[in-house]
Amino acid sequence: MGGNYLVIGSGWHPTLFHAEVESLTNAQIITHSDRIVEINKIENLEKSATVNQVLASWHKGDIFDYEEKFEQWLDSVNLDNKRSIAVKCTRHGEKTPTVRKVDIATKMGAFLSSRDFKIDLTSPEQVIEVIIEGELIFWGLPHFDSPPRTGWKDRVATARPFFKPVSLDPRQARLMFNLCAAKSLLLDPMCGTGGILVEASLCDIQAIGVDLDPEMVAGTKKNIEWCNGQAEVICGDATRLADLGITGIDSVCFDPPYGRNAWLSDKGVNFFSKVLNSINEVCNVDATLCCMLPASADGSSVIDGEYHVMEELFLKEGWQIEQYWFIPVHSSLGRLLVRAKRLDAE
Ligand SMILES: C[S@@+](CC[C@H](N)C(=O)[O-])C[C@H]1O[C@@H](n2cnc3c(N)ncnc32)[C@H](O)[C@@H]1O
């Protein structure tokens, strides 16, 4: 049995796209390709960082043999020929030499005209969305008017009143708490300029931020005010969170200082251990944590050691790593996005 919806990814990081969809909907996906998955429910996908579109009443076919199927589909879906319509055709990946997407859109347009639909390519009242992937063709009725991330350009780190080069991109901030299926209360124990708190507050997630640097605390407050959000921001030490009166945390998202220099000595690793331990003390039993760790450009080493060393460090401080994803940054740096569960969770 197929799912009711096809979810279309933005094309950035397919495995993170699949993981985010599963985490947000709490449903299992069926994978059609890197950018197309099938699912039975679409709750929360409007908050996604990696989804482009959701198609309902969808059909999957073959680009060389779709015409009859398209006509049958047209008869079966609830489209109103009194309202104008357009076919929007997108291709993922390589071109298929013999099939042009414009020809497919034109052919589908002709079927629609023969059924008295008025084609309007500039401001249609209804849209049929078509995706070509290799020799496969998918079509359906779009659920979103625009991709969920629309508007993020206005919130990029450099557009906020307080910016530092460490500021996290809104897409990555959102992705982190979506992977935690975050709910209130969320904690960012090293909040910097508030990248995670801004996005969390826009998703109505109650959040607390902590930073050791008073300039960051003041700047984060400015950024939260700027987006009309709300979050508590405390000047304090991430290695002593319980001393700040913090308690009852469900989700923790953060990116610790990046510079690989910050991790080169035992001091750096020891510091990170203390942070993990301190977070553990203020969390509820079933809390989830997501953090970005510095990794080598090919992902083979993280925090300047092998993956298993980092995994043991998490375990020692009460966190079981559930999953991790490598994100390339530039030719000499990558990041490992890690999701962990509190160890004594049932
Ligand atoms: C990579 S930045 C975080 C960036 C942030 N996610 C943003 O969007 O701006 C790391 C932050 O950790 C803070 N920090 C370093 N040591 C800390 C400590 N012991 N306790 C709390 N914050 C600390 C730094 O002041 C810095 O703002």
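Residues numbered from 1 in each chain as written. Predicted model: local features only at pLDDT ≥ 70, side-chain atom pairs only at ≥ 80, totals over all residues.

K.L.:
Just checking my understanding: could you explain the pairing of strand S5 (residues 85-92) for this structure?
P.N.:
Put simply, side chains in a regular strand alternate between the two faces of the sheet. Pairing analysis gives 8 bridges linking S5 to strand S6 (residues 126-133), with the strands arranged parallel. The partner of threonine 90 across the bridge, within S6, is isoleucine 131. In this fold, S5 hands off to helix H3 (residues 101-114), which returns the chain to S6; that crossover is left-handed. (Pairing = 2+ DSSP bridges. Helix = DSSP H or I, 4+ residues; strand = E, 2+ residues; numbered from the N terminus. Right-handed = clockwise from strand over helix to strand, strands pointing away.)

K.L.:
Can you help me understand the domain arrangement of the chain in this one?
P.N.:
How big an interface is tends to be stated in terms of accessible area lost as the parts join. For the chain, the assigned domains read domain 1 (5-142) and domain 2 (153-342). One C-alpha centre belongs to domain 1, the other to domain 2; they are set 36 Å apart. Of the residues lining the interface, 12 residues belong to domain 1; the matching set on domain 2 comes to 10 residues. Looking at the side of domain 1 that touches domain 2 residue by residue, the classes come out as 4 nonpolar, 6 polar and 2 charged. (Domains from an automatic or database assignment. Contact = placed C-beta atoms within 7 Å. Nonpolar A, V, L, I, M, F, W, Y, C, P; charged D, E, K, R; others polar.)

K.L.:
Explain the sheet that holds strand S12 (residues 283-295) here, please?
P.N.:
Taken together, the 7 strands give an open sheet; going across it, the order is S10-S9-S8-S11-S12-S14-S13, and neighbouring strands pair in mixed fashion. Looking at strand neighbours, the two that pair on one side only are strand S10 (232-235) and strand S13 (319-330), the edges of this open sheet. Mean inter-strand twist for the sheet, computed between neighbouring axes without regard to direction, equals 15°. Judged from the 4 bridges that link them, strand S9 (residues 207-211) and S10 form a sheet pairing that is parallel. For valine 210, the partnering residue across the bridge sits in S10 and is isoleucine 234. Against the sheet, helix H5 (residues 195-202) makes contact with strand S8 (186-188), S9 and strand S11 (249-254), and its axis sits at roughly 170° relative to S9, the strand it touches most. (Axes fitted to C-alpha atoms, helices over the stretch in contact; angles between N-to-C directions.)

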